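# Inside the fold
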Amino acid sequence: LKEWYNRALQLQAENQSLRGFVGLAALPKQRAVTARVIADTGTAFGDALIVDAGADRALTDRYVAMTSDGVVGRVVGVGRHTAQIVLMTDSASRV
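Since the model is a prediction, treat every value here as computed from it, not as a measurement. (Residues numbered from 1 in each chain as written. Predicted model: local features only at pLDDT ≥ 70, side-chain atom pairs only at ≥ 80, totals over all residues. Heavy atoms only, no water.)

## Examining the overall build of the chain
Within the chain one finds one helix and five strands. Reading the chain from its N end, one meets helices and strands in the order α-β-β-β-β-β. For 95 residues, the compact-globule estimate of 2.2 N^0.38 gives 12 Å, and the chain exceeds it by more than 25% at 19 Å. The dimensions of the chain, computed from C-alpha atoms along their principal axes, are 55 × 30 × 20 Å. (Helix = DSSP H or I, 4+ residues; strand = E, 2+ residues; numbered from the N terminus. Rg over C-alpha atoms; globule rule 2.2 N^0.38 Å.)

Written out as structure tokens, the structure reads:
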């Protein structure tokens, strides 16, 4: 375990060095909110989901919605305990 820890420290130092070399700024810390889909509100005119996270978990409009496969949509409406996500497959969705 100590060997893995030391290797991780070496890699971290190497990454910092390389970022400085190419002039990359450090990435801002990202905050993630996990949620479950509780409703599929998709219709013939649009694809959307309702999830069980909202303002109570500091979720805000325009958050990116992701799965383990990548980006699937964005948050367009936030309630106290739920949020609506418009999927990228929606005809009105744009990146």
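## So, the nonpolar core
Of all hydrophobic cores here, the largest spans nine residues; its members are L49, V51, A53, L59, A65, V75, A83, I85 and L87. Sorting elements by how many residues they give to this core places strand 5 (residues 83-87) first, with three residues. Beyond its immediate stretch of four places on either side in the chain, I85 contacts D47, A48, L49, V51, A65, G73, R74 and V75. (Core = buried A, V, L, I, M, F, W, Y, C linked by side-chain atoms within 4.5 Å. Buried < 20%, exposed > 50% of the residue type's maximum accessible area, 1.4 Å probe, protein only. Contact = heavy atoms within 4.5 Å.)

## Focus on helix 1 (residues 2-22)
With 21 residues, helix 1 should reach 30 Å at 1.5 Å per residue; the first-to-last C-alpha distance of 31 Å fits that figure. Just past helix 1, the residue G23 takes up positive phi, approximately 75 degrees. (Expected span 1.5 Å × (residues − 1).)

## Regarding the environment of V78
Checked against the element boundaries, V78 lands in strand 4 (residues 70-78). We classify V78 as partly exposed; its relative accessible area is 31%. For the pair V78 and L59, spaced 19 residues apart in sequence, the C-alpha separation works out to 7.1 Å. Apart from the residues lying within four places of it in its own chain, the contact partners of V78 are G54, A55, L59, T60, D61 and A83.

## Overview of the sheet that holds strand 5
Taken together, five strands build an open sheet; the order of strands is 1-2-5-4-3 and the sheet is antiparallel. Both edges of this open sheet fall to strand 1 (37-40) and strand 3 (64-67), since each of them pairs with a single strand only. With strand direction ignored, the average angle separating the axes of adjacent strands in the sheet is 35 degrees. (Pairing = 2+ DSSP bridges. Axes fitted to C-alpha atoms, helices over the stretch in contact; angles between N-to-C directions.)

## Observations concerning the pairing of strand 4
In this sheet, strand 4 lies alongside strand 3 in antiparallel orientation, the contact comprising four bridges. Counterpart to T67 in the pairing with strand 4 is G70. What sits between the antiparallel neighbours strand 3 and strand 4 is a turn of two residues. Two elements, strand 4 and strand 5, share five bridges in a ladder whose sense is antiparallel. Within strand 5, the residue paired with V78 across the bridge is A83. Joining the antiparallel neighbours strand 4 and strand 5 is a turn of four residues.

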